[in-house]
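Here is how the chains run, residue by residue.
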Amino acid sequence: MGRKLLLEHINVPGINTFDVYRQKGGYRAVEKALKMTPDEVVEEVKKSGLRGRGGAGFPTGMKWSFLAKPEGVARYLVCNADESEPGTFKDRFLMTHIPHALIEGMIVSSFALGAKTSYIYVRGEMMPQIRILERAIAEAKNAGFLGKNILGSGYDLELYVQPGGGAYICGEETALLESLEGKRGNPRIKPPFPAIAGLYGCPTVVNNVESIAATVPIINDGGDEYAKIGIGRSTGTKLISASGNLVKPGVYEIELGLSVEEFLYSDEYCGGIANGKRLKATVAGGSSVPVLPANLSLKLANGEPRLMSYESLSEGGFATGTMMGSGGFIAFDEDQCIVRNTWNFSRFYHHESCGQCSPCREGTGWMEKVLHRLEYGHGKMSDIDLLVDVSKKIEGNTICPLGDAAAWPVASAIRHFRDEFEWHVKEPVKALETNYGLANYAEPIKKVEVTS
Amino acid sequence: MSDKVKVTIDGISIEVAPGTSILNAARQIGGDIVPPAMCYYSKLEGSGGKCRTCIVKVSKGSEKDPRPMPKLVASCRTTVMDGMEVQNITSPEVIEARSGVVEILLINHPLDCPVCDQAGECDLQNLGYEHGLQKTRYEFERRTFERIDIGDKIQLHMNRCILCYRCVFTADQITNKRVHGILNRGDHSEISTYIQTAVDNDFSGNVIDVCPVGALTDKTFRFRNRVWFTKPVDAHRDCPTCSGKVTLWYKGADVLRVTARKDIYGEVEEFICNTCRFDKKKTEDWVIEHPTHISDASVISSNHYETMKPLPVIQNNPKLQAANKVELEKTSKF
Ligand code: SF4
Ligand code: FES
């Protein structure tokens, strides 16, 4: 059994209420942190090696230490709960079931950063979670963990929940800040980075829900203890939201360094591919990371097993690797169509592009249309290279990472599944009726007989 | 220590004040190495960074940190560092990426230059000519919008818009009652003034001048003439609201339109008011100064597209040469 830090008490009835959470040892981290100095808290987080759980994987402690601290200027902590990547739903799970873990983390982190006002920016569609968080904040306030002079330490903190308008792009940190300020959620052009001029022009840190919640066990057990879990520079535990053709899809907390094979096939986690089928491909970290065929998902190019860690997943660069991303693990069985799936992703990015910079605004739409044509049997051979070319023109030439996120799935799908794309052109009628199947690119993994 | 920083662009060095953008440093050098800019406008605060035509390669970050920047950067929004080395037209990667941007800007553009008032002074047309390929690879229906009147003097033709946001910044800057902005997102974004509320301001006409394409046009000039048949003349008048410094565009003895004076990068020198722009169309309203200087490269002075010189970018790049073969043959005939 892997260690559980965040979801340890997930099955305790009533853990979403303050009383039960407190009984189970909740808010100890606040009590402990308030006795330390803010710098000591930052130091602990640095020691833990915690890396941002939202996608980029930037060390959280480092991000915190970049925060500018000019005299007399307010600082803000903003929690990015605008989780809307297709395939990722771990933050929502955490907020729904253990809202106090986030609130506690917010108090600890705000204290470390010296923020007196902090915001949780929740995606607009998550109405129930917004209400859950608001209730949790009220409970915490009642118990004296929020508001003026928390636990008599002289530290004041107000925590607000802000619903977003439901745009994916507002998960980009500067777009989130714009939106929080009440403006159109367009990503800002960097520099300046939020650590210097963020919300209302003041120094701001934007962190993912899970990163903030992870500060609680770090403070409780100490950064060194946390750093012992995991492998290499990927420390601690990570929430993975597994979906797709799995026997047991859901949110799992894993110790980083678990092998992909164990995660997929063991009964403790996903329990294998549903209906006894075989694995065709995986998307390891939410829709924006490169898709990998089965053989490369389970093994590195050199034959070693691939592990669930920041380094191992990206081993091999874009040629044979992918990325940890936000931890949205999607598995495709042998009957899924990669072309259709790629089209679906690109439709999403087309719809969600903010429209500021031209390569992303026009390019995402172009890719979607070409993919649609391929999927529906009107494609041409030249379309495949055209897609690669357009994705290259977008990648790296945009203001924010959405452009890259739109380009990678397309480029990687063609890199690994080119024969399937070609088949769609050659057999347009058949492609509408049947699926391409496993073909040669996926190492045939033994078919499991279903016994029922 | 001097308070200037040194930057080298395509092998040419210059010292500029700290905080200058790469684009402005390049403009101080001048000539072919200046990256084209479709959205940046030096007079508009916050503009730039959107169109990506001005991308360049930073091959050396600075004296202190000589690492190159990992991606191409937007020169209009990247500040120079001491010792920075930048490649613009000397980098095939930049030329390639830029022609990609041009292609992308054109996929949803109607290319209705024959009936467009901006033809001849259109930044996108020039850019397309310099970098674009002859044929589009885009085979889908282009997005279309209805034409919208913004007040009785300005017309918005969204089909042609490249969403540079310049007019939005202009409107923001001239009034604090925001009535001009962007609706929707992604490639269905549109410039709008909420239910056609007129941008009611003395300076609203300037949105026409800042528009790099023919999306915002002067209704008092619409279809009156092609710009290359008109003769621009600088003039001024004593105006109570603005500086009164303008360019008059003559056809014979008639003033067909009035615009602000533009510099070589197509940016206006000073914004002018609507009275000057729309209502003073007689020679006796103005004190004539001298004919406006128009660069030889502009079609306005050459009257023909065919004699327009292909830029050095094309002359040195076999790929672009191949793509523009037909046009180049025409040039050599003259
Ligand atoms: S990359 Fe896309 S989403 Fe990001 S700023 Fe540009 S247009 Fe907007
Ligand atoms: S001019 Fe620099 S991005 Fe448009």
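Residues numbered from 1 in each chain as written. Chains lettered and ligands numbered in written order. Predicted model: local features only at pLDDT ≥ 70, side-chain atom pairs only at ≥ 80, totals over all residues. Heavy atoms only, no water.

Per an unreviewed UniProt entry, chain B goes by NADH dehydrogenase subunit G and derives from Pedobacter duraquae. Taken directly from UniProt, the Subcellular location (unreviewed entry) text for chain B runs: "Membrane". Looking at chain B in UniProt, the text filed under Sequence similarities (unreviewed entry) is "Belongs to the complex I 75 kDa subunit family." (UniProt positions renumbered as here; feature names shortened; annotations may be inferred.)

Naming follows an unreviewed UniProt entry, where chain A appears as NADH-quinone oxidoreductase subunit F of Pedobacter duraquae. The record held by UniProt for chain A lists under Sequence similarities (unreviewed entry) the comment "Belongs to the complex I 51 kDa subunit family."

Chemist: Outline the overall build of chain A, supporting the account with residue identities and numerical values.
Modeler: Counting secondary structure elements, chain A contains 19 helices and 13 strands. Here the C-alpha coordinates of chain A stretch approximately 75 × 50 × 40 Å along the principal axes. A burial count over chain A gives 62% of its 452 residues as buried. For chain A, contacts bridging at least 24 residues in sequence account for 71% of all contacts bridging at least 6. Of the roughly 16700 Å² that chain A leaves accessible, carbon and sulfur atoms contribute 52%. (Helix = DSSP H or I, 4+ residues; strand = E, 2+ residues; numbered from the N terminus. Buried < 20%, exposed > 50% of the residue type's maximum accessible area, 1.4 Å probe, protein only. Contact = heavy atoms within 4.5 Å. Areas by Shrake-Rupley, 256 points an atom, 1.4 Å probe, with all protein chains shown as cover.)

Chemist: Break down the packing of aromatic side chains for me, with residues and values.
Modeler: Residue and element names in this part refer to chain A. For the coordinates displayed, the defined rule picks out 22 aromatic pairs over all chains. Both rings, one in F18 and one in Y27, keep their centres 5.2 Å apart while their planes meet at 40°; by these two values the pair is tilted. Each member of the pair, F18 as well as Y27, carries the same accessibility label: buried. Centroid distance Y168 to Y349: 5.9 Å. Interplanar angle 65°. Geometry classified as edge-to-face. One end of the pair, Y168, is in the loop between β3 (158-163) and α8 (173-180); the other, Y349, is in helix α15 (residues 338-352), and 181 residues separate them in sequence. Taken individually, Y168 and Y349 each receive the classification buried, so the pair is uniform in this respect. Taken together, the ring pairs in this structure connect F18, Y21, Y27 and F145 into an aromatic cluster. (Phe/Tyr/Trp six-rings, centres within 6.5 Å; stacked < 30°, edge-to-face > 60°.)

Chemist: Now, about the sheet that holds strand β8 (residues 250-255) of chain A: what can you tell me, with residues and values included?
Modeler: The strands making up a sheet associate through hydrogen bonds between their backbones, and the pairing can be parallel or antiparallel. All names here are of chain A. Reading across from one edge, β8-β7-β13-β10-β11 is the order of the five strands in this open sheet, with mixed pairing throughout. This sheet does not close on itself; its edge strands, each paired only once, are β8 and β11 (291-293). Within this sheet the neighbouring strands show an average axis-to-axis angle of 30°, counted without direction. Direction of pairing for strand β7 (residues 237-244) relative to β8: antiparallel, over a ladder of six bridges. Each residue of the ladder has a partner; that of I240, found in β8, is Y252. Packed onto the sheet, helix α18 (residues 402-426) meets β10 (279-283) and β11 and runs at close to 25° relative to β11. (Pairing = 2+ DSSP bridges. Axes fitted to C-alpha atoms, helices over the stretch in contact; angles between N-to-C directions.)

Chemist: Give me the lowdown on the interface of chain A and chain B, citing residues and values where you can.
Modeler: Residue-level contacts link 32 residues of chain A with 33 residues of chain B. Of the roughly 2900 Å² buried at the junction of chain A and chain B (both faces included), carbon and sulfur atoms supply 50%. In this structure, the connection of chain A to chain B is made through seven salt bridges. If you look at where chain A meets chain B, you find 17 residue pairs in polar contact (both at pLDDT 80 or more). Where the side of chain A that touches chain B is concerned, the elements lending two or more residues are α15, α16 (358-375) and α17 (381-394) of chain A. Class assignment of the residues belonging to the side of chain A that touches chain B gives a composition of nine nonpolar, 13 polar and ten charged. (Buried area = accessible area lost by both parts, 1.4 Å probe. Salt bridge = Lys/Arg side-chain N within 4 Å of Asp/Glu carboxyl O. Polar contact = N/O pair within 3.5 Å; in protein donor to acceptor, adjacent residues only side chain to side chain. Nonpolar A, V, L, I, M, F, W, Y, C, P; charged D, E, K, R; others polar.)

Chemist: Could you give me a rundown of the environment of P194(A), with the residues and numbers involved?
Modeler: Residues and elements named next belong to chain A. Following the sequence through the fold, P194 ends up in the loop between α8 and β4 (204-208). Given the relative accessible area of 4%, P194 is considered buried. As for P194 and Q162, which are separated by 32 residues in sequence, their C-alpha atoms are 18 Å apart. If sequence neighbours within four positions are ignored, P194 has contacts with E173, T174, L177, C202, P203 and T204.

Chemist: Provide a residue-level description of the domain arrangement of chain A, including the pertinent values.
Modeler: Residue and element names in this part refer to chain A. Domains assigned within chain A are domain 1 (18-228), domain 2 (231-333) and domain 3 (338-433). Between domain 1 and domain 2, the C-alpha centre-to-centre distance is 27 Å. Both faces combined, the contact of domain 1 with domain 2 buries some 1700 Å², and carbon together with sulfur accounts for 52% of it. Contact with domain 2 buries area across many residues of domain 1, yet R51, R53 and F89 alone supply 32% of it, more than any other trio. At the junction of domain 1 with domain 2, the criterion picks out two salt bridges. Between E210 and K238 there is a salt bridge whose closest N-O contact spans 3.1 Å. Across the domain 1-domain 2 interface, the total number found is 15 residue pairs in polar contact (both at pLDDT 80 or more). Counting only elements with at least two residues in the side of domain 1 that touches domain 2, the list comes to α5 (90-97) and α10 (223-228). Among the elements that make up the side of domain 1 that touches domain 2, the one with the highest residue count is α5 (three residues). Tallied by class, residues from the side of domain 1 that touches domain 2 come to seven nonpolar, eight polar and five charged. (Domains from an automatic or database assignment.)

Chemist: Can you lay out the side chain of E375(A) for me, pointing to particular residues and giving the numbers?
Modeler: Residues and elements named next belong to chain A. When you line up the elements, E375 lands in helix α16. Within polar-contact distance, the side chain of E375 engages the side chain of R340 at 3.0 Å. Once residues lying within four places of it in the same chain are set aside, the contact partners of E375 are C337, V339, R340, H424 and L432.

Chemist: Please give an account of the sheet that holds strand β12 (residues 245-251) of chain B that cites residues and values.
Modeler: Residue and element names in this part refer to chain B. An order of β13-β12-β11-β14 is seen for the four strands of this open sheet, with the pairing classed as antiparallel. On the outer flanks of this sheet lie β13 (254-260) and β14 (287-291), each paired with one strand and no other. Direction aside, neighbouring strands of the sheet carry axes that sit 35° apart on average. As paired elements, β12 and β13 share six bridges and run antiparallel to each other.

Chemist: Pulling in residues and values, what's your account of the domain arrangement of chain B?
Modeler: Residues and elements named next belong to chain B. Partitioning chain B into domains gives domain 1 (5-101), domain 2 (111-135 + 143-218) and domain 3 (230-332). Between the C-alpha centres of domain 1 and domain 2 there is a distance of 26 Å. Roughly 1300 Å² is buried in total at the junction of domain 1 and domain 2, and carbon and sulfur atoms are behind 69% of that figure. When the area that domain 1 buries against domain 2 is broken down by residue, the three leading residues are M38, L44 and K50, summing to 46%. Where domain 1 touches domain 2, the interface holds zero salt bridges. Across the domain 1-domain 2 interface, the total number found is five residue pairs in polar contact (both at pLDDT 80 or more). Taken together, the residues of the side of domain 1 that touches domain 2 break down into seven nonpolar, four polar and four charged.

Chemist: Quick one: what's the story with the site of ligand 1, residue by residue and with numbers?
Modeler: Close contacts around ligand 1 come from 13 residues, with I169(A), C354(A), C357(A), C360(A) and C400(A) the closest. Taken together, the residues that form the shell around ligand 1 break down as eight nonpolar, five polar and no charged. (Near = heavy atom within 4 Å.)

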